[in-house]
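Chain residues, written in single-letter form:
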Amino acid sequence: QVQLVESGGGFVQAGGSLRLSCAASGSIRSIDAMDWYRQAPGKQRELVADITSGGSTNYADSVKGRFTISRDNAKNTVHLQMNSLKPEDTAVYYCYARVVLPTTVFKVGYWGQGTQVTVSS
C-alpha cells in the first residue's frame, strides 16, 4: 500500500505565505509526476502545479509567479511554497502522485487526504 500525507495548511492573511508538504510512503519503486490540486467549496478540483521526476514544472495561470512546486526524490516528498496568498486561494489542497509499485511497471495514482488553506482578506 501507498500513503500520501499532506501537512502545512492553515489560516493566513492575504499577502502571507504557507508551505505545503506531501510525503509518500509504502511500497514504492519510483514516483513519476507529483501534483498539487485544490478544491474550493462548490467548485471542481483543479490542478495547481505539477512536477516531473526530472524536475520540470507546470503551473495554473492563477498561481504563476506566486507558487513554487519542488520535490525531493530521495525522500518521496513534494512541496508547494505559496506566497502572496489571496482569498481566492482558499481551498482544500491535495497532492497526487503517480507511483510505480515494486511488483509492476504500471503507474498507479494515489491521492492524499487534503489539507485546508484559508486566506482571509
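Nothing here was measured: the structure is a model prediction, and the numbers come from that model.

A.B. asks: Any chance you could explain the overall build of the protein here in plain terms?
C.D. replies: Within the protein, the regular secondary structure consists of zero helices and eleven strands. Considering only C-alpha atoms, the protein reaches an extent of 50 × 25 × 25 Å along its principal axes. Split into buried and exposed, the 121 residues of the protein put 45% on the buried side. Counted over contacts in the protein with a minimum sequence separation of 6, partners at least 24 positions apart contribute 56%. Counting only carbon and sulfur atoms, one obtains 48% of the accessible surface of the protein, whose full area is about 6300 Å². Taking the average location of the 12 positive side-chain charges in the protein and that of its 9 negative ones, the two points are 3 Å from each other.

A.B. asks: Is there a simple way to explain the pairing of strand S3 (residues 18–26) in this structure?
C.D. replies: Bridge analysis of strand S1 (residues 2–7) against S3 gives six bridges, and the strand direction is antiparallel. Each bridged residue has a counterpart across the sheet, and for leucine 4 the counterpart in S3 is alanine 24. Pairing of S3 with strand S8 (residues 77–82) involves six bridges; the strand directions are antiparallel. Note that in S8 the partner of alanine 23 across the bridge is threonine 77.

A.B. asks: What exactly am I supposed to notice about unusual backbone geometry here?
C.D. replies: Leave glycine aside and you will find that most residues have negative phi; peptide bonds, for their part, are mostly trans. One non-glycine residue, asparagine 76, lies in the positive phi region at around 55°. Positionally, asparagine 76 belongs in the loop between strand S7 (67–72) and S8. The exposure class of asparagine 76 is partly exposed, given its relative accessible area of 21%. Residue serine 84 is not a glycine yet carries a positive backbone phi of 50°. Mapping serine 84 onto the fold places it in the loop between S8 and strand S9 (91–100).

A.B. asks: What is the right way to look at the side chain of arginine 38 in this model?
C.D. replies: Within the secondary structure, arginine 38 is located in strand S4 (residues 30–39). Residue classification places arginine 38 among the buried positions, given a relative accessible area of 6%. Polar contacts involving the side chain of arginine 38 include one to the side chain of glutamate 46, which spans 2.7 Å. In terms of polar contacts, arginine 38 uses its side chain to reach the side chain of serine 62, at 3.4 Å.

About the thresholds
- Residues numbered from 1 in each chain as written.
- Predicted model: local features only at pLDDT ≥ 70, side-chain atom pairs only at ≥ 80, totals over all residues.
- Heavy atoms only, no water.
- Helix = DSSP H or I, 4+ residues; strand = E, 2+ residues; numbered from the N terminus.
- Buried < 20%, exposed > 50% of the residue type's maximum accessible area, 1.4 Å probe, protein only.
- Contact = heavy atoms within 4.5 Å.
- Areas by Shrake-Rupley, 256 points an atom, 1.4 Å probe, with all protein chains shown as cover.
- Lys, Arg positive; Asp, Glu negative; His and termini not counted.
- Charge placed at Lys NZ, Arg CZ, Asp CG, Glu CD.
- Pairing = 2+ DSSP bridges.
- Polar contact = N/O pair within 3.5 Å; in protein donor to acceptor, adjacent residues only side chain to side chain.

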